[in-house]
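# Observations on the three-dimensional arrangement
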Amino acid sequence: MTNLKLQEARKAISNNKRSEYIFGIISLLSMLVAIITLLALFLDLLHDGLPRLSWQFFTSFPSRRPGEAGILSAWVGTILVMLVTASSAVPIGVASGIYLEEYARKNWISDLIEINVTNLAGVPSIIYGLLALGVFVYGLNLGESVITAGLTLALLVLPIVIVATREAIRAIPNSIREAAYATGASKWQVIWDHVLPYSTGTILTGVIVALARAIGETAPLITIGALTFIAFLPEPPITSDFPFISFAWLSAPFTVLPIQMFSWVSRPQTSFQVNAAAAGIVLIVITLSMNAVAIYFRYRLRSKIKW
């Protein structure tokens, strides 16, 4: 009887190992398909758009002549919009994550908030565009401006930042908190001096991933009235006159790289398609660079953690 049970246990272990091996192969093949597809699309963009990349392309405004058209207003608008997005979403998202994880009581209200925050991360972006159109454009009379675009994308990525912050804080062992409390530290001192330094790498990764999603969004910005053709730049944030800071650019009309690409792709001329491919290369490089920065800082910060 014992030998029979032993043989059954060995057979079950063998079947489990075989299933694990098959699942690993399927997962590897799926990952390879995704990577090869992305690489093929990127190489196609390089083939079409790389010859168009030049200093003139980066320093010229859009034009009806494809050979003279550039992305100056688009990449400047992208930077300004992302500046508003990061300034709005990151402080609020991180603070909300800290409160929900460290201060909020664990009851049905906090459970309801957690469920809704998680669900908001999966809401289609066009819904945020419609919300921003009603609240920011018509309700607050902010118009089709940089600040409206930045706040719209901030609403879009805010749930992602909150979830990333909560998961990063939740991963910190309770023994660190208990050791800090044992030395007489207050709750805020425990969070500021121990929890946040250890979770900064993961939080930063979540923030940059969220911003990388926002930088490629088109639907919500078209909904609030982003321009597809703009041949001027907003006023610079830094001026030569006192107080050396200007906020007039927040009310300026705007366009961004994805919308500029959309405008060029919708035109029938082949030369505009080449321009769109070149702008796509710039957008992909920016996104990959942001992710590379996240990986670098995460590695540097985690290498300093010792527990």
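All residue numbers refer to positions counted from 1 along the written sequence of the respective chain. In view of the model being predicted, local features appear only for residues whose pLDDT reaches at least 70, and side-chain atom pairs are presented and counted only at 80 or more, with totals across whole chains, interfaces and linings using the full set of residues. For side-chain calculations, the full set of non-hydrogen atoms in the structure is used, while hydrogens and water are omitted.

### Quick word on the overall build of the protein chain
Where we set the bar: Secondary structure elements follow DSSP: runs of H or I of four or more residues count as helices, runs of E of two or more count as strands, with numbering from the N terminus. Throughout, the radius of gyration refers to the C-alpha atoms, and the reference size of a globule is 2.2 Å times the residue count to the power 0.38. For every residue, the accessible area obtained with a 1.4 Å probe (protein chains only) is divided by the maximum for its type, and the residue is called buried under 20%, exposed over 50%, and partly exposed between those limits.
For the protein chain, the count of helices and strands is eleven helices and zero strands. Taken over the C-alpha trace, the protein chain has a radius of gyration of 25 Å; the compact-globule value for 307 residues is 19 Å, which it surpasses by more than 25%. Taken over the C-alpha atoms alone, the protein chain extends approximately 85 × 50 × 35 Å along its principal axes. Out of the 307 residues belonging to the protein chain, those deemed buried represent 37%.

### Some points on the packing of helix α6 (residues 146-170) against helix α8 (residues 187-214)
This is how the line gets drawn: Axes, fitted as lines to C-alpha atoms, cover a helix only where it is in contact. Angles between the N-to-C directions of the axes lie from 0 to 180 degrees. Angles below 35 degrees are treated as roughly parallel, those above 145 as roughly antiparallel, those between 65 and 115 as roughly perpendicular, and all remaining angles as oblique. For a crossing to be left-handed, the near helix must be turned anticlockwise from the far one by less than a right angle; the clockwise case is right-handed. Whether two residues are in contact is decided by their heavy atoms, any of which lying within 4.5 Å being enough. Here the nonpolar group is Ala, Val, Leu, Ile, Met, Phe, Trp, Tyr, Cys and Pro; Asp, Glu, Lys and Arg are the charged ones; every other residue, Gly included, is treated as polar.
Here α6 crosses α8 at 150°, and the two axes come no closer than 8 Å. Classified by the angle between their axes, α6 and α8 sit roughly antiparallel to one another. You can see that α6 and α8 cross each other, and the crossing is right-handed. Between α6 and α8, the residues in contact are Leu153, Leu156, Val157, Ile160, Val161, Ala164, Thr165, Ala168 and Ile169 and Val195, Ser199, Thr202, Ile203, Gly206, Val207, Ala210, Arg213 and Ala214, respectively. Grouping the amino acids of the contact of α6 with α8 by side-chain chemistry returns 13 nonpolar, four polar and one charged.

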